[in-house]
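Listed below, chain by chain, are the residues.
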Amino acid sequence: MFQGSGLGRRRRRGGRGRGEPTVVPDAEFRSYYGRPVLKAPVWEWKIAAYLFAGGLAAGSSVVAAGADLTGRPALRRAGWLGSFAALLASLYFLVSDLGRPERFHHMLRVLKPTSPMSVGTWILSVFGPGVGAAAVRELVPRRWRRTWPARLLDRLARPLGLSAAVTAPGVASYTAVLLSHTAVPGWNEVRDELPFVFAGSAAASGGGFGMLCAPVEEAAPARVFAAVGAAGELLAAKRMEQRMGLIGEVYRHGKVHRLRRASEVLTLAGLAGTVLVAGRSRSGAAASGLALLAGSALQRFGVFEAGMESTKDPRYVVVPQRERLAAREARAAVAPPDPG
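Residues numbered from 1 in each chain as written. Predicted model: local features only at pLDDT ≥ 70, side-chain atom pairs only at ≥ 80, totals over all residues. Heavy atoms only, no water.

Trainee: Looking at this structure, I do not really get the pattern of salt bridges. What am I missing?
Mentor: Working definition: two side chains of opposite charge can pair if their charged atoms are close together. Tallied over the entire structure, the rule returns 13 salt bridges. Of the charged contacts, one joins E241 and K238 as a salt bridge, the two residues approaching to 3.7 Å between their closest N and O atoms. Within this pair, E241 and its partner K238 are both found in helix α8 (residues 220-243), separated by three residues, close to a single helical turn. Among the salt bridges present, the one from E241 reaches R260, with a minimum N-O distance of 3.1 Å. (Salt bridge = Lys/Arg side-chain N within 4 Å of Asp/Glu carboxyl O. Helix = DSSP H or I, 4+ residues; strand = E, 2+ residues; numbered from the N terminus.)

In structure tokens:
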């Protein structure tokens, strides 16, 4: 796996302290026959779009539930319809990339708590009906609302919608757990911070969507939710960057860096607009909401591209493994002896 570069020679110590040249060249990281250590995921851009749409669905459902509890019908309607549309889009992107729609159904045959994919499938299955019922209630024409099916739906939609909002944090963050539990170093090495980045991004996008679609006088909960989410996303992303080791090279160069830098700028602009002007200006609220939505989308695409890029260089696989092995050996060396 690690072929010699031929650019240097090691010296063997011995004899009278003089080094003797050896025929063993210095090692460099190169893959076997030019092949990467890991096979890159076969996922397409649709998975990145699925990550964003799922986060938007989760964030919008929380905004809608809050609007329902505080008596804001326009914000409630925008939130439930936006959440349902984003959920449908995320399912389309996921099933389209899987290639066979029945694969999603097959995941429901068993619940495996140790599998993020299995847990995520069940979370979506619980989340979806509640969001769907709440969204359909918003679409019932006024002239039909006195019929018994509409009255039944009206009674069920609110508790189902609130139950969906309870599961929204799982919908927002399970995709980060799913990515970070793969062998892809660009995702696995940031597994502690990535769920917080995704959760903050989902809140920012959900709040931003509410600000974009609801009148200013009803959008106060969306503004608060967006500001908290954007601030949380920025702090978690900064923390993630500070804790990166070698894998930070992937995040700080090339296309990945451009995507995440644009995401940071847009999220900062959206946060500033949310705090300063969104509460007074309809156009300011819409512009801030769009900036937050774009920043959230670019964050997901940047993380997705970082994972794909990290599979191309064997250093990102082997060096962290060696560092973890050395750390375990160091801990074992200083551990007290077993009294048994």
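After that view of the structure, there is still more to cover.
Trainee: Hey, could you run me through helix α7 (residues 194-213) in this one?
Mentor: Three- or four-residue spacings in an α-helix give side chains the same orientation, since the helix completes a turn every 3.6 residues. Relative to the 28 Å expected for 20 residues at 1.5 Å per residue, α7 spans 29 Å between its end C-alpha atoms, a close match to the ideal helical length. Of all 20 residues in α7, 16 are buried; the element is thus mostly enclosed. (Expected span 1.5 Å × (residues − 1). Buried < 20%, exposed > 50% of the residue type's maximum accessible area, 1.4 Å probe, protein only.)

Trainee: Sorry if this is basic, but what is going on with the environment of A285 here?
Mentor: Inspection of the secondary structure assignment puts A285 in helix α11 (residues 282-310). When its relative accessible area of 4% is taken as the criterion, A285 is described as buried. Sequence spacing of A285 and F209 is 76 residues, and the spatial spacing of their C-alpha atoms is 9.8 Å. Excluding its chain neighbours within four sequence positions, the residues that come into contact with A285 are M211 and A278. (Contact = heavy atoms within 4.5 Å.)

Trainee: I'm lost on the packing of α7 against α11 in this one. Help?
Mentor: Geometry of a packed helix pair, given as the angle between the helix axes and the separation of the axes. Between α7 and α11, whose axes approach to 8 Å, the crossing angle comes to 150°. Of the possible angle classes, the one that applies to α7 and α11 is roughly antiparallel. Helix-helix and strand crossings are classified by hand; for α7 and α11 the assignment is left-handed. Between α7, through L194, V197, F198, S201, A202, A204, S205, G208, F209, M211, L212 and C213, and α11, the contact on the second element is made entirely by R282, A285, A286, S288, G289, L290, L292, L293, S296, Q299, R300 and V303. Class assignment of the residues belonging to the contact of α7 with α11 gives a composition of 15 nonpolar, seven polar and two charged. (Axes fitted to C-alpha atoms, helices over the stretch in contact; angles between N-to-C directions. Parallel < 35°, antiparallel > 145°, perpendicular 65-115°, else oblique. Left-handed = near helix turned anticlockwise from the far one by under 90°. Nonpolar A, V, L, I, M, F, W, Y, C, P; charged D, E, K, R; others polar.)

Trainee: Explain the confidence of the model for the chain to me, please; I cannot follow it from the model alone.
Mentor: Low pLDDT marks regions whose predicted coordinates should not be analysed in detail. When the pLDDT values of the chain are averaged, the result is 83; 80% of them are 70 or greater. Confidence over residues 1-17 falls short of pLDDT 50; this stretch has 39 contacts with residues more than four positions distant or in other chains. (pLDDT = per-residue confidence, 0-100.)

Trainee: Could you clarify how one ought to interpret the packing of aromatic side chains in this entry?
Mentor: The geometry of two aromatic rings is summed up by the distance between their centres and the angle between their planes. Per the stated rule, a full pass over the model turns up four aromatic pairs. Through a chain of ring-to-ring contacts, three or more aromatic side chains come together here, namely W43, W187 and F304. If you follow R300 out to its NZ or CZ, it ends over the ring of F198, 4.2 Å from the centre. (Phe/Tyr/Trp six-rings, centres within 6.5 Å; stacked < 30°, edge-to-face > 60°. Lys NZ or Arg CZ within 6 Å of the ring centre and 35° of its normal.)

Trainee: Honestly, the side chain of S288 in this entry has me stumped. Any pointers?
Mentor: The residue S288 is located in helix α11 in this model. A polar side-chain atom of S288 sits 2.8 Å from the main-chain carbonyl oxygen of G284. The contact partners of S288, leaving out residues within four places of it in the chain, are M211, G270, G273, T274 and V277. (Polar contact = N/O pair within 3.5 Å; in protein donor to acceptor, adjacent residues only side chain to side chain.)

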